[in-house]
Amino acid sequence: MKVAVIGGGAAGLAAAITARESGHEVALFERQARVGRKLMATGNGRCNLTNLGASFENYHGAGEAFIAPALGEFTVADTIAWFSRLGLVCEPDSEGRVYPFSDQAGSVLDVLRFRCDAIGVRTETGAEIREIRRKSGAFSVNGERFDRVIVACGGRAGEHLGGTGLGYELLRSLGHRITPLAPGLVRLKSAEEITKMLKGVRAKASVRLLRKGVLVCEKSGEVQFGDGGVSGIVIMDISLLAEDGDTLSCDLLPPVSAEELRGKLLSRAAATPEESAENLFAGVLHSRLGRAVIKRCGLDFGALLASLGENDIEKAAKAAKSFTLTVTGRAGFPEAQVTLGGADTKEFKPETLESRLVPGLYACGEVLDVAGDCGGYNLQWAWSSGRLAGCLR
């Protein structure tokens with residue numbers, strides 16, 4: 001069969017290699033000047049290509065029933081073994097994130113490109129596909145006839161790296177529904193004035209996402225404060241579920257209970273009564289973060305610690321254990337690492353990723369309504385779904 005793969009990102013490369021290795025004639029179309037541009041930027045240029053702990057709980061959008069066949073047929077272990085056969089040496093870090101030993105995303109892209117070349121995948125760059133025509137049981141792409149088409153155009157995330165909505169438009173033109181799109185794995189905005197004094201501050205925290213007082217999720221990790229919001233891996237994961245008006249409640253000292261913290265602060269006040277209140281958290285929190293907690297409590301920076309009562313100390317301890325910010329939005333698609341929403345997975349067969357509406361049409365990767373947490377999960381979905389789609393069953 002003659003197969004067109006539209007999109008030269010992670011999923012598209014995996015699909016093209018799989019289809020060609022299965023004996024099909026494959027043309028890979030990429031709108032940019034070279035394949036894998038977004039792949040080169042993943043993991044801060046190191047390419048976190050999978051995660052040893054990947055499970056269905058790490059994915060959002062489609063349910064487990066849709067995701068299971070792809071992840072089950074091409075597992076994390078299969079991914080590592082596949083890349084090893086392609087010549088890539090990988091190693092996991094202490095948190096299970098798998099990187100190329102070279103610490104260079106280019107190493108991942110190179111072995112994929114070289115494999116495409118070696119097995120005869122025809123790669124056409126600078127080829128923007130704006131229309132797929134269905135005629136007499138076949139497809140027309142750029143005026144060329146194909147028996148099968150795999151749409152692997154990615155999503156809108158990372159627009160500066162080439163993310164577009166083109167894949168959604170192609171699928172929509174063939175009758176597919178596209179669920180609402182939003183930026184994911186992205187900085188969360190907060191309009192509260194206190195964020196200005198925290199620009200550049202980092203803190204290890206446990207963060208709870210609350211919606212009208214009800215817990216939505218809880219994540220732990222490094223939070224990066226900025227003027228107008230917060231970021232960091234923990235926040236990016238939370239961004240997959242956050243809505244405007246939600247509350248971020250940050251425990252700035254997870255290892256210490258509120259009662260223990262209260263005792264430490266009382267001891268400090270008693271030991272250094274001549275110190276000013278703004279230094280109550282000196283040695284405990286980042287200096288600016290400690291002052292932000294004091295400000296949130298409404299305490300006078302210039303007051304002496306000797307003048308603070310037990311209620312003041314307790315209020316400060318509680319504020320440090322629950323430092324809250326109100327979510328007022330997400331940063332946009334240019335900053336996002338993944339797109340929330342996409343092609344409705346109900347319209348694709350989970351066992352093959354073939355369209356239920358258009359026989360011979362397949363989709364894989366980010367163009368589908370599947371989004372993973374930060375840490376290699378989205379690339380694992382790209383490899384797994386690309387390999388499954390490329391089987392062309």
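Everything here concerns the structure above.
Novice: So what's going on with the nonpolar core? Which residues, and what values?
Specialist: The tendency in soluble globular proteins is for nonpolar side chains to be buried as a group. The biggest cluster of nonpolar side chains holds 75 residues, and the ones touching the most others in it are F83, L112, I132, L368 and W383. The leading source of residues in this core is helix α1 (residues 10-21), at eight residues. Once residues lying within four places of it in the same chain are set aside, the contact partners of L112 are L13, I17, L39, W82, F83, L86 and W383. Within the second largest apolar cluster, 45 residues are counted, among which are V234, A277, I294 and A317.

Novice: Before we move on, can you summarise the pairing of strand β8 (residues 132-135) with the specific residues and values?
Specialist: Looking at chain direction, β8 and strand β9 (residues 138-141) are connected through four bridges and run antiparallel. The residue bridging I132 from the neighbouring strand is V141, located in β9. Remark: two residues form the turn of the hairpin made by β8 and β9, two consecutive strands paired antiparallel; S136 in that turn has positive phi of roughly 55°.

Novice: An account of the sheet that holds strand β2 (residues 25-30) is requested, with residue identities and associated values reported.
Specialist: Spatially, five strands are ordered β7-β2-β1-β11-β21 in an open sheet, and the strand pairing comes out parallel. The open sheet has two edge strands, β7 (122-125) and β21 (361-363), and neither has a second partner. Neighbouring strand axes in the sheet, compared pairwise and without regard to direction, differ in orientation by 20° on average. With four bridges joining them, β2 and β7 adopt parallel strand pairing. Residue pairing for β7: E30 is matched across the bridge by T125. Packed onto the sheet, α1 meets β1 (2-6), β2 and β11 (148-151) and runs at close to 165° relative to β2.

Novice: Could you give me a rundown of the layout of surface pockets, with the residues and numbers involved?
Specialist: By volume, the second largest pocket amounts to about 260 Å³. Forming the walls of the second largest pocket are 13 residues, and the residues nearest its centre are E95, R97, S220, I233 and D237. Counting only elements with at least two residues in the lining of the second largest pocket, the list comes to β15 (214-226) and α7 (233-239). The residue makeup of the lining of the second largest pocket, split by class, is four nonpolar, four polar and five charged.

Novice: How would you explain helix α8 (residues 258-271) if you had to name every residue and give the values?
Specialist: The end-to-end C-alpha distance of α8 is 20 Å, a good match for the 20 Å that 14 residues give at a rise of 1.5 Å each. On its buried face, α8 sits against α10 (310-321).

Novice: Would you mind going over the environment of S107 in detail, with residue names and values included?
Specialist: Among the structural elements, S107 can be located in helix α5 (residues 105-119). When the C-alpha atoms of S107 and G87 are compared, they prove to be 9.4 Å apart, with 20 residues separating the residues in sequence. Not counting the four nearest positions on each side in its chain, S107 is found in contact with L88, P100 and S102.

Novice: Describe in detail the pairing of strand β18 (residues 323-326), supporting the description with residues and values.
Specialist: Residues F323 and L325 of β18 are buried on one face, while the alternating residues T324 and T326, pointing to the opposite face, are not. Bridge count between strand β17 (residues 247-251) and β18: four bridges; the pairing is antiparallel. Bridge assignment links S249 to a residue of β18, and that residue is T324.

Novice: Help me get a handle on the sheet that holds strand β19 (residues 329-330), residues and values and all.
Specialist: Sheet architecture is open: seven strands sit in the order β18-β17-β14-β15-β16-β13-β19, paired in antiparallel fashion. Strand pairing shows two members of the sheet lacking a second neighbour, β18 and β19, which therefore form its edges. Across five bridges, the pairing between strand β14 (residues 202-211) and β17 is antiparallel. Note that in β17 the partner of S206 across the bridge is D251. Running over the sheet, helix α9 (residues 287-297) touches β14, β15 and β18 and is turned about 80° from β18.

Novice: Please set out the packing of aromatic side chains residue by residue, giving values where relevant.
Specialist: Within the structure shown, the criterion is met by eight aromatic pairs. When the centroid spacing of 6.0 Å and the interplanar angle of 85° are considered together, the rings of F29 and F146 count as edge-to-face. You can see F29 sitting in strand β2 and its partner F146 sitting in strand β10 (residues 144-146), a full 117 residues away along the chain. For the pair F29 and F146, a shared accessibility class is recorded, and that class is buried. Taken together, the ring pairs connect F74, W82, F83 and W383 into an aromatic cluster. We note K2 situated over the ring of F146; from NZ or CZ to the ring centre the distance is 5.1 Å. If you follow R134 out to its NZ or CZ, it ends over the ring of F139, 4.6 Å from the centre.

Novice: Can you tell me about the packing of helix α3 (residues 64-73) against helix α11 (residues 377-390), naming the residues and giving the values?
Specialist: Look at α3 against α11: their axes get within 8 Å of each other, and the N-to-C directions meet at 85°. Comparing their axes, α11 and α3 come out roughly perpendicular. Across the interface between the two elements, F66, I67, P69, A70, L71 and E73 from α3 touch Q380, W381, S384, S385 and L388 from α11. The class makeup of the residues in the contact of α3 with α11 is seven nonpolar, three polar and one charged.

Novice: Which residues make up unusual backbone geometry, and what are the values?
Specialist: Residues other than glycine seldom take positive phi values, yet S136 does so here, at roughly 55°. Examined against the element boundaries, S136 turns out to sit in the loop between β8 and β9. Phi is positive for L185, close to 50°, though the residue is something other than glycine. Checked against the element boundaries, L185 lands in the loop between β12 (182-184) and β13 (188-189).

Definitions and cut-offs
- Residues numbered from 1 in each chain as written.
- Predicted model: local features only at pLDDT ≥ 70, side-chain atom pairs only at ≥ 80, totals over all residues.
- Heavy atoms only, no water.
- Core = buried A, V, L, I, M, F, W, Y, C linked by side-chain atoms within 4.5 Å.
- Buried < 20%, exposed > 50% of the residue type's maximum accessible area, 1.4 Å probe, protein only.
- Helix = DSSP H or I, 4+ residues; strand = E, 2+ residues; numbered from the N terminus.
- Contact = heavy atoms within 4.5 Å.
- Pairing = 2+ DSSP bridges.
- Axes fitted to C-alpha atoms, helices over the stretch in contact; angles between N-to-C directions.
- 1 Å grid on protein atoms, 1.4 Å probe; cavity = no way out; pocket = protein on both sides within 12 Å on 5 of 7 lines; lining within 4 Å.
- Points joined across faces, edges and corners; volume = space filled by probe spheres on them.
- Nonpolar A, V, L, I, M, F, W, Y, C, P; charged D, E, K, R; others polar.
- Expected span 1.5 Å × (residues − 1).
- Phe/Tyr/Trp six-rings, centres within 6.5 Å; stacked < 30°, edge-to-face > 60°.
- Lys NZ or Arg CZ within 6 Å of the ring centre and 35° of its normal.
- Parallel < 35°, antiparallel > 145°, perpendicular 65-115°, else oblique.

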